[in-house]
Amino acid sequence: MESIRKLKIWALLILISFFKFGEGFYLPGSYPHKHGIGDYLNMKVNSLTSIDTEIPFSYYSLPFCKPQEGIKDSAENLGEILMGDRIENSPYRFKMHTNETDIFLCQTKPLLADEFNLLKKRIDEMYQVNVILDNLPAIRYTKKDGFMLRWTGYPVGVKVQDSYYVFNHLKFTVLVNKYEETNVASVMGTGDAAELIPTIGNEGSDAPGYMVVGFEVVPCSFQHNADSLKNLKMYGKYPSSIKCDPATVAMAIKENEPVAFTYEVSFEERDIKWPSRWDAYLKMEGAKVHWFSILNSLMVITFLAGIVLVIFLRTVRRDLTKYEELDKEAQAQMNEELSGWKLVVGDVFRAPTNPSLLCVMVGDGVQILGMAVVTILFAALGFMSPASRGTLITGMLFFYMVLGIAAGYVAVRLWRTIFVGDNKGWVSVSWKVACFFPGISFLILTTLNFLLWGSHSTGAIPFSLFVILILLWFCISVPLTLVGGYFGAKAPHIEYPVRTNQIAREIPAQKYPSWLLVLGAGTLPFGTLFIELFFIMSSIWMGRVYYVFGFLFIVLTLSVVVCAEVSLVLTYMHLCVEDWRWWWKSFFASGSVAIYIFFYSVNYLVFDLKSLSGPVSATLYLGYSLFMVLAVMLATGTVGFLSSFWFVHYLFSSVKLD
């Protein structure tokens, strides 16, 4: 009792310490940066992106001004590189709370034919320039039909009639708020650098300071006077006033002529708190649509739950109760008159075709589903904020590797169950689990990567990162999967409640092909998630920020329930027509939702990504869609199979038939 009391005291102390620490912790995001008046703020640039091609390129692939100290890459995590982000320094710099106008940046050399043609091509392909200040992307506001539209970044240029104009003057607005001291000293990574937060009472803490809470940009096309540019150095003052009018364009690009770049910056104080500075980017639009999606899923679940309830309470329970009330002679007589699912008692647990492949796919499905649930849950709680770029992808990779233990355990235990406790071949099954889905993914991504390499895109995975990914695969994921397989081999197998006959029972001719039911079953899970799928696709391909992970977690949970119910009902229907080959059918009954998701992806490509140009872009889109569909099929199929396995085991363990 004394030890228990001490344990409670320690737990209470840890909780108190956690909450005390939490007083100075912002979630999501990072600690604020304090900037004194006149401190330099260095703007960074990210990859050029376009919804027209979906192929990112380096900012400095175009003839833009380069920083005096040379181009330097910012430290990037694994997720940022996989997403195609290439964050580099830029020549743009501001002084905190100091308005500046007409700042000359540079004048390029006369545009060569290749540079001129490339610039025109990037304008035609609607490429956007993405700039970052204090980890905040620049926002651009435009009005259309009385509505205010919000964009991240600004276009490289615009084509008017047959002429091409470049946006060579940028009007920046930096929103700031007075710095608020925290009561905790800590070092917290922000994605750019580690920042030491001083405590109250430190020397210099009374000095006025500001933090950046917003960053806006207005791009303009301005024709500079050639004579005024002479003898101007970087950050010099342009002699005449520059009027930035986004509604007009003036700087037409021409071959063998230079382009001058200038900018201006103004600071505005806003009452925006540091934890709320990302609200402008994460503002949830269409909340009613998300709730409609959830309501739609609940209706499907209720409908299927009603069917499952009828099966359990009215059909199965009634048959079992009637059977158990009979004496032994009557039971023997009834056995001869059995019909439906009771007739396949000697074959229902007969090993399926390709049992090894089934075990591998179920194991990989458990791993993918577990990764999705844990990642979305952490993101919903705010641990994977967009402020920390790449953390979502990095977290997915981490959780996927760790859950290799669960994949190996489930696959090997299922293997031993199918072969009634035989340990032989568990190492082979574990290896297949560790290599099946990652191997197919590696093949798809490598093929797509060659296309990106050929396009000189920043979206191409560097060779060094390829080596790192392979090392993570074989040095962490594979060993963990083998460890899981070892525990699965040591765990007791699931015993079947009935014996399997030596000779397989002939399956009666069916009125309709069973595969038709299996394919049709996927429409119900698809109906629960297709609305949320639109928002996810828009986030990936239209450059929109997706951060309604709370809704996504609810939809994922409901989809899992629907997949389990659909597979369970379909398995019961097959057993009732004396078809005992339920193993693979239960897997693909819910896994067939992947087919409809792929069709939806093609539909999205044709009708929503009309501007997507070129065979390379279309191939990239379809390749990534195929990768996503494969993962969905394994995850949903696993849910369906495991629920059907539990149902069949429960059904036939409730009655003993000889």
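Residues numbered from 1 in each chain as written. Predicted model: local features only at pLDDT ≥ 70, side-chain atom pairs only at ≥ 80, totals over all residues. Heavy atoms only, no water.

From N to C terminus, the chain includes 17 helices and 17 strands. Counting every position in the chain, which comprises 658 residues, the buried fraction comes to 48%. Here the analysis covers contacts within the chain between residues at least 6 apart in sequence; of these, 83% occur between residues at least 24 apart. Counting only carbon and sulfur atoms, one obtains 64% of the accessible surface of the chain, whose full area is about 32,500 Å². (Helix = DSSP H or I, 4+ residues; strand = E, 2+ residues; numbered from the N terminus. Buried < 20%, exposed > 50% of the residue type's maximum accessible area, 1.4 Å probe, protein only. Contact = heavy atoms within 4.5 Å. Areas by Shrake-Rupley, 256 points an atom, 1.4 Å probe, with all protein chains shown as cover.)

Moving on: the nonpolar core. Counting 90 residues, the largest nonpolar core has Leu575, Phe641 and Phe652 as the members making the most contacts within it. Tallying contributions element by element places helix α14 (residues 549-576) first for this core, with 15 residues. Phenylalanine 652 has contacts with Trp341, Val344, Val345, Val348, Phe349, Pro497, Val498 and Leu575, leaving out every residue within four places of it along the chain. Formed by 57 residues, the second largest nonpolar core is a distinct cluster that contains Ile103, Ile253, Phe261 and Ala387. (Core = buried A, V, L, I, M, F, W, Y, C linked by side-chain atoms within 4.5 Å.)

So, on to helix α7 (residues 355-380). With 26 residues, α7 ought to run about 38 Å at 1.5 Å a step, and its terminal C-alpha atoms sit 37 Å apart, in line with that. Counting buried residues along α7, 19 of its 26 residues qualify, which places the element largely inside the surrounding structure. Following α7 by one or two positions, glycine 382 adopts a phi angle in the positive range, close to 95 degrees. (Expected span 1.5 Å × (residues − 1).)

Next up on the list: the state of the cysteines. Tallying each qualifying case throughout the model produces two disulfides. At a sulfur-sulfur separation of 1.8 Å, the disulfide partner of cysteine 65 is cysteine 106. Disulfide cysteine 65-cysteine 106: the torsion about the S-S bond is -90 degrees, which places it as left-handed. Of this pair, cysteine 65 sits in the loop between β2 (40-45) and α2 (78-82) while cysteine 106 sits in strand β4 (residues 100-107), placing them 41 residues apart in sequence. Note on cysteine 65: relative accessible area 2%, which makes it buried. Residue class for cysteine 106 comes out buried when judged on its relative accessible area of 15%. With its disulfide-bonded cysteines labelled consecutively along the sequence, the chain is connected as 1-2, 3-4. (Disulfide = S-S within 2.5 Å.)

What follows is about the confidence of the model for the chain. When pLDDT is averaged along the chain, the result is 82; 84% of the residues meet or exceed 70. Taken together, the stretch residues 183-205 has pLDDT below 50 and engages in 46 contacts with residues farther than four places along the chain or on a different chain. (pLDDT = per-residue confidence, 0-100.)

We now examine a nonpolar patch on the surface. Where nonpolar side chains cluster on the molecular surface, the patch consists of Phe450, Trp453, Phe463, Val467 and Leu471 and spans about 530 Å² of accessible area. For the nonpolar patch, the elements supplying multiple residues, two or more each, are α10 (426-454) and α11 (463-490). Take the nonpolar patch: its biggest share by element is three residues, from α11. Along the chain, valine 467 turns up in helix α11. Classification of valine 467 as partly exposed rests on a relative accessible area of 35%. (Patch = residues over 30% accessible without salt bridge, like charges linked within 9 Å, V, L, I, M, F, W, Y side chains within 5 Å. Salt bridge = Lys/Arg side-chain N within 4 Å of Asp/Glu carboxyl O.)

In this section: the sheet that holds β2. The antiparallel open sheet is built from four strands, whose spatial order is β3-β2-β6-β7. Looking at strand neighbours, the two that pair on one side only are β3 (88-95) and β7 (136-137), the edges of this open sheet. Bridge analysis of β2 against β3 gives five bridges, and the strand direction is antiparallel. Bridge pairing in β3 links tyrosine 40 to lysine 95. (Pairing = 2+ DSSP bridges.)

Here the focus is the pairing of strand β9 (residues 147-152). Sheet analysis places strand β8 (residues 139-144) next to β9, joined by six bridges and oriented antiparallel. Of the residues in β9, the one forming a bridge with tyrosine 141 is arginine 150. Connecting the antiparallel pair β8 and β9 is a turn made up of two residues, with aspartate 145 showing a positive phi of about 55 degrees.

Let's shift gears to unusual backbone geometry. Non-glycine residue methionine 126 carries a positive phi angle of around 60 degrees. Looking at where methionine 126 falls in the secondary structure, it is placed in the loop between α3 (113-124) and β5 (128-129). A relative accessible area of 39% places methionine 126 in the partly exposed class. A positive phi angle is found at asparagine 354, which is not glycine, with a value near 50 degrees. Relative to the helices and strands, asparagine 354 is located in the loop between α6 (328-336) and α7.

Now for the packing of helix α13 (residues 523-541) against α14. Between α13 and α14, the least distance of the axes is 8 Å, while the angle of their chain directions is 160 degrees. With respect to α14, the element α13 is oriented roughly antiparallel. The handedness of the crossing between α13 and α14 comes out as left-handed. Residues Leu524, Pro525, Thr528, Leu529, Glu532 and Ile536 of α13 touch α14, and the partners they reach there are Phe551, Leu552, Val555, Ser559, Val562, Cys563 and Val566. The residue makeup of the contact of α13 with α14, split by class, is 10 nonpolar, two polar and one charged. (Axes fitted to C-alpha atoms, helices over the stretch in contact; angles between N-to-C directions. Parallel < 35°, antiparallel > 145°, perpendicular 65-115°, else oblique. Left-handed = near helix turned anticlockwise from the far one by under 90°. Nonpolar A, V, L, I, M, F, W, Y, C, P; charged D, E, K, R; others polar.)

Before going further, it helps to spend a moment on the packing of aromatic side chains. Considering all chains together, one arrives at 45 aromatic pairs under this definition. Ring geometry for phenylalanine 349 versus phenylalanine 652: centroids 6.4 Å apart, planes at 75 degrees, classification edge-to-face. Here phenylalanine 349 is found in the loop between α6 and α7, whereas its partner phenylalanine 652 is found in helix α17 (residues 615-653), with 303 residues between them in sequence. In this structure phenylalanine 349 comes out as buried when scored by relative accessible area, which is 3%. Take phenylalanine 652: its relative accessible area is 0%, and that puts it in the buried class. Considering the side-chain rings of tryptophan 582 and phenylalanine 645, the 6.3 Å spacing of their centres and the 45 degrees angle between planes classify their relative orientation as tilted. Taken together, the positions of tryptophan 582 in the loop between α14 and α15 (583-591) and phenylalanine 645 in helix α17 put the pair 63 residues apart, joining distant regions of the chain. By the burial criterion, tryptophan 582 is buried, and phenylalanine 645 matches it. (Phe/Tyr/Trp six-rings, centres within 6.5 Å; stacked < 30°, edge-to-face > 60°.)

The next subject is the packing of helix α12 (residues 514-521) against α13. Between α12 and α13, whose axes approach to 5 Å, the crossing angle comes to 10 degrees. Put simply, α12 runs roughly parallel to α13. On the side of α12, the interface is formed by Leu519, Gly520 and Ala521, while α13 contributes Thr523, Leu524 and Pro525. Partitioned by chemical class, the residues of the contact of α12 with α13 number four nonpolar, two polar and no charged.

On inspection of all chains with the given rule, the structure shows nine salt bridges. Linking arginine 505 and glutamate 578 is a salt bridge whose minimum nitrogen-to-oxygen distance equals 3.1 Å. You can see arginine 505 sitting in the loop between α11 and α12 and its partner glutamate 578 sitting in the loop between α14 and α15, a full 73 residues away along the chain. Given the relative accessible area of 17%, glutamate 578 is considered buried. Between arginine 581 and aspartate 579 there is a salt bridge, and its shortest N-O distance comes to 3.4 Å. Assessed through its relative accessible area of 2%, aspartate 579 is described here as buried. Linked by salt bridges that have partners in common, Asp579, Arg581 and Lys585 make up one network.

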